[in-house]
Amino acid sequence: MSKRPIEPFRIKVTEPISLIEPKEREKRIAEAGYNIFQLAAKDIFIDLLTDSGTGALSQNQMAALMTGDESYAGGRNWYHFEETIKDIFQKKHVLPCHQGRVAENIFFSIVLKQGDYVPNNTHFDTTRANVMHKGGIPVDFPCKQLKEEGSEFPFKGNIDCEKLEEFIGKTGVSKIPLIVLTSTNNSAGGLPVSMANIAELRSLCDKYGIMLVYDAARFAENAYFIKKHEPGYENSSVKEIAHKMNGYADAVLMSAKKDGLSNMGGFMAVNDEALAGKLKELLIIIEGFPTYGGLNGRDLESVAIGLKESLNDDYLTHRIGQISWLGDLLRQAGLPIIYPTGGHAVFIDAGKLLPHIKPEFFPGQSLVVELYRQGGVRGVEIGSLMFGGVDPNTGQKLTALKELVRLAIPRRMYTASHLEYVAEVAAEIVKDKEKLKGYEILDSPTYLRHFTCTMREVAGSPVKLASS
Ligand SMILES: *Cc1c(COP(=O)(O)O)cnc(C)c1O
């Protein structure tokens with residue numbers, strides 16, 4: 001069992017939070033159509049919806065906000081932003097944008113044709129939606145160990161290069177303009193990718209002349225896992241490891257709301273000059289002039305500083321320590337989780353916890369609603385609600401690999417006692433878990449339905465309903 005993670009900071013500014021009454025919570029969640037994205041944040045006590053843009057800024061970032069240069073073109077913060085990213089990510093051209101999904105939108109608009117395949121270790125939801133929106137077909141190649149119950153393999157975020165090569169053989173290279181590697185692998189438990197796996201993927205890309213693109217939202221967390229668990233890296237600094245990792249990619253897309261330790265921001269970074277030129281044209285149409293790309297000067301500064309802070313050893317030890325500690329508390333309380341834990345969240349296996357609710361009635365959503373009801377805790381379903389439905393291009397029925405609930409930990413925000421409280425709420429739910437019911441969707445948009453759909457509790461036993 002891991003040790004209580006002691007915060008490597010003290011608190012200088014506070015933000016009050018409060019737990020509203022159970023009756024109030026019941027009313028709020030019903031009004032939200034049982035969709036936690038529709039709740040007002042003020043009605044939530046501990047918000048583990050996402051680690052995206054929700055973290056605390058450091059005193060250096062706060063101070064730097066006052067140095068924001070809001071010039072339309074060539075502001076001073078842009079040069080700091082560009083220089084920092086060129087260094088950490090080893091790329092020649094940097095294009096700022098206001099968040100990761102815009103990087104995806106612009107990048108895929110340029111590189112994808114209708115009917116192209118995009119392999120990935122596992123697509124994150126906005127990446128999947130952006131690929132599909134440009135007429136591409138997302139295909140996931142998670143490694144074998146991910147499905148091996150009881151395996152403590154530390155790099156379950158790896159991509160399955162063998163399966164991938166078979167796929168390339170079958171499909172033909174002309175249909176695969178790029179391969180994306182998501183590190184850490186968010187939708188597969190936030191688990192890391194090993195350096196050996198990255199090198200193997202690089203060779204595969206070289207062999208077939210395919211572009212290698214990183215979805216680098218959590219590159220620093222990934223580098224930390226390599227230092228901790230991959231032989232040969234124990235004496236390298238996290239920064240050196242990040243350099244080496246990033247050097248393998250032809251292009252990087254990043255949401256700086258994660259390891260950029262900022263509330264907003266993102267970028268594309270590429271080596272190819274012609275590609276950079278095309279991206280820049282579209283960037284100007286969609287986001288703005290290429291020295292701000294939809295961001296304030298002060299935001300560019302925050303990201304530049306945040307990217308450097310994310311590679312700090314004390315910060316990463318505490319951060320990853322928080323996740324594994326919460327994971328241990330939940331396991332002690334009898335919750336099945338993805339184990340070992342990854343970099344930014346604990347993923348509870350709601351499919352296993354609630355076998356009486358079939359995937360089509362969203363066991364993950366049932367647990368998410370109950371966490372709010374019982375303790376004002378907000379997590380998010382990562383299962384058939386997020387990834388199910390019908391592919392609007394192919395008409396194929398989509399299913400999720402697992403029915404998970406993600407408890408994402410915002411960076412530098414919650415203390416060990418907050419996390420203990422979350423584990424206590426979860427323990428209460430486990431005691432009465434047979435009473436939890438399934439959900440069905442009332443109305444739903446085509447893309448990213450989990451953000452806006454409304455639902456209702458399925459009356460009676462979901463098992464009976466599923467078979468009727
Ligand atoms: C958050 C995230 C994105 C999208 O970034 P946004 O800033 O939310 O638009 C893409 N990929 C991964 C792996 C992410 O975690």
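What you are looking at is a predicted structure, and each value in this text was computed from that prediction instead of being measured.

1. Here's the deal with helix α14 (residues 363–375)
No. 1: Here α14 is 13 residues long and its end C-alpha atoms lie 18 Å apart, about the 18 Å a rise of 1.5 Å per residue gives.
No. 2: Of all 13 residues in α14, 12 are buried; the element is thus mostly enclosed.
No. 3: Of the residues making up α14, those classed as buried are Pro 363, Gly 364, Gln 365, Ser 366, Leu 367, Val 368, Val 369, Glu 370, Leu 371, Tyr 372, Arg 373 and Gly 375.
No. 4: Directly beyond the C-terminal end of α14, a positive phi value near 65 degrees is found at Gly 376.

2. Remarks on the site of the ligand
No. 1: Taken together, the neighbourhood of the ligand is formed by 15 residues, with Arg 101, Asp 215, Arg 218, Ser 255 and Lys 258 sitting nearest.
No. 2: Contacts to the ligand include Asp 215, whose side-chain N or O atom sits 2.7 Å from a nitrogen atom.
No. 3: Note that an oxygen atom of the ligand is positioned 2.7 Å from one of the side-chain N or O atoms of Lys 258.
No. 4: Surface burial for the ligand is 97%, taken as the share of its 380 Å² of free accessible area covered by protein chains.
No. 5: Within the residue set of the shell around the ligand, elements represented by two or more residues are α4 (100–111) and α5 (125–133).
No. 6: Examining the composition of the shell around the ligand, we find that three residues originate from one element, α4, more than from any other.
No. 7: Here the shell around the ligand is built from residues that sort into two nonpolar, seven polar and six charged.

3. Quick word on the pairing of strand β6 (residues 211–215)
No. 1: Within β6, four of the five residues are buried, which leaves the element mostly enclosed by the surrounding structure.
No. 2: Across five bridges, the pairing between strand β5 (residues 178–182) and β6 is parallel. Paired with Val 180 across the strands is Val 213, a residue of β6.
No. 3: Where the polypeptide runs from β5 across helix α7 (residues 195–208) and back to β6, its parallel neighbour, the crossover connection is right-handed.
No. 4: Where β6 lies against strand β7 (residues 251–255), three bridges are found, and the strand directions are parallel. Bridge pairing links Val 213 to Ala 251 in β7.

4. So, the side chain of Glu 309
No. 1: With respect to the helices and strands, Glu 309 occurs in helix α11 (residues 297–309).
No. 2: Assessed through its relative accessible area of 16%, Glu 309 is described here as buried.
No. 3: Within polar-contact distance, the side chain of Glu 309 engages the side chain of Arg 412 at 2.9 Å.
No. 4: Excluding residues within four positions of it along the chain, Glu 309 makes contact with Ser 58, Asn 60, Gln 61, Leu 261, Tyr 315 and Arg 412.

5. Overview of the environment of Ile 338
No. 1: For Ile 338, the location among the structural elements is in the loop between α12 (313–332) and β9 (345–349).
No. 2: Residue Ile 338 is classed as buried on the basis of its relative accessible area of 11%.
No. 3: Between the C-alpha atom of Ile 338 and that of Pro 8, which follows or precedes it by 330 residues, the distance is 26 Å.
No. 4: With residues near it in sequence (within four places) discarded, Ile 338 still touches Leu 191, Phe 347, Lys 402 and Leu 404.

6. Here we look at the packing of aromatic side chains
No. 1: The tally for this structure, following the rule as stated, stands at 14 aromatic pairs.
No. 2: Taken together, the ring pairs in this structure connect Trp 78, Phe 81, Phe 89, Phe 219 and Phe 267 into an aromatic cluster.
No. 3: Over the ring of Tyr 339 we find Arg 331, and its NZ or CZ is 3.6 Å from the ring centre.

7. A word on the domain arrangement of the protein
No. 1: Its domain assignment divides the protein into domain 1 (22–51 + 312–457) and domain 2 (59–309).
No. 2: In this structure, domain 1 and domain 2 have C-alpha centres spaced 25 Å apart.
No. 3: The partner domain 2 presents 38 residues to the 31 residues of domain 1 that form the contact.
No. 4: Across the domain 1 to domain 2 interface the summed buried area is about 2800 Å²; carbon plus sulfur atoms make up 59%.
No. 5: Here domain 1 is connected to domain 2 by six salt bridges.
No. 6: Here Lys 352 ties to Glu 149 by a salt bridge, and the two come within 2.9 Å at their closest N and O atoms.
No. 7: Among the elements of the structure, α12, α15 (384–387) and α17 (449–452) are those that each provide at least two residues to the side of domain 1 that touches domain 2.

8. A short note on the nonpolar core
No. 1: Leu 330, Leu 367 and Leu 371 are the most contacted members of the largest nonpolar core, which totals 65 residues.
No. 2: The leading source of residues in this core is helix α16 (residues 416–431), at nine residues.
No. 3: Two domains each put at least three residues into this core: domain 1 (22–51 + 312–457) and domain 2 (59–309).
No. 4: The residues contacting Leu 330, other than those within four sequence positions of it, are Leu 335, Ile 337, Val 346, Ile 348, Leu 407, Ala 423 and Ala 426.
No. 5: If you look at the next biggest cluster of nonpolar residues, it comprises 54 residues, including Val 94, Phe 167, Ala 269 and Tyr 315.

9. Some thoughts on the pattern of salt bridges
No. 1: Overall, the coordinates contain 28 salt bridges when judged by the stated rule.
No. 2: Asp 87 is the salt-bridge partner of Lys 239, the closest N and O atoms lying 3.1 Å from each other. Here the residue Lys 239 occupies a position in helix α9 (residues 238–247), and Asp 87 occupies one in helix α3 (residues 76–89), the gap between them amounting to 152 residues.
No. 3: Owing to a relative accessible area of 38%, Lys 239 belongs among the partly exposed residues under this scheme.
No. 4: Through salt bridges that share partners, Asp 51, Arg 218, Glu 221, Asp 259, Arg 319 and Arg 411 make up one connected network.

10. What about the packing of α14 against α16?
No. 1: Look at α14 against α16: their axes get within 10 Å of each other, and the N-to-C directions meet at 110 degrees. When the axis of α14 is compared with that of α16, the two are roughly perpendicular. Judged by the sense of rotation from one axis to the other, the crossing of α14 with α16 is right-handed. Along the contact surface, α14 presents Leu 367, Glu 370, Leu 371, Gln 374 and Gly 375, while α16 presents Tyr 421, Val 425, Ala 426, Glu 428 and Ile 429.
No. 2: When the residues that make up the contact of α14 with α16 are grouped by side-chain class, the tally is six nonpolar, two polar and two charged.

The rules behind these values
Residues numbered from 1 in each chain as written. Predicted model: local features only at pLDDT ≥ 70, side-chain atom pairs only at ≥ 80, totals over all residues. Heavy atoms only, no water. Helix = DSSP H or I, 4+ residues; strand = E, 2+ residues; numbered from the N terminus. Expected span 1.5 Å × (residues − 1). Buried < 20%, exposed > 50% of the residue type's maximum accessible area, 1.4 Å probe, protein only. Near = heavy atom within 4 Å. Polar contact = N/O pair within 3.5 Å; in protein donor to acceptor, adjacent residues only side chain to side chain. Areas by Shrake-Rupley, 256 points an atom, 1.4 Å probe, with all protein chains shown as cover. Nonpolar A, V, L, I, M, F, W, Y, C, P; charged D, E, K, R; others polar. Pairing = 2+ DSSP bridges. Right-handed = clockwise from strand over helix to strand, strands pointing away. Contact = heavy atoms within 4.5 Å. Phe/Tyr/Trp six-rings, centres within 6.5 Å; stacked < 30°, edge-to-face > 60°. Lys NZ or Arg CZ within 6 Å of the ring centre and 35° of its normal. Domains from an automatic or database assignment. Buried area = accessible area lost by both parts, 1.4 Å probe. Salt bridge = Lys/Arg side-chain N within 4 Å of Asp/Glu carboxyl O. Core = buried A, V, L, I, M, F, W, Y, C linked by side-chain atoms within 4.5 Å. Axes fitted to C-alpha atoms, helices over the stretch in contact; angles between N-to-C directions. Parallel < 35°, antiparallel > 145°, perpendicular 65-115°, else oblique. Left-handed = near helix turned anticlockwise from the far one by under 90°.

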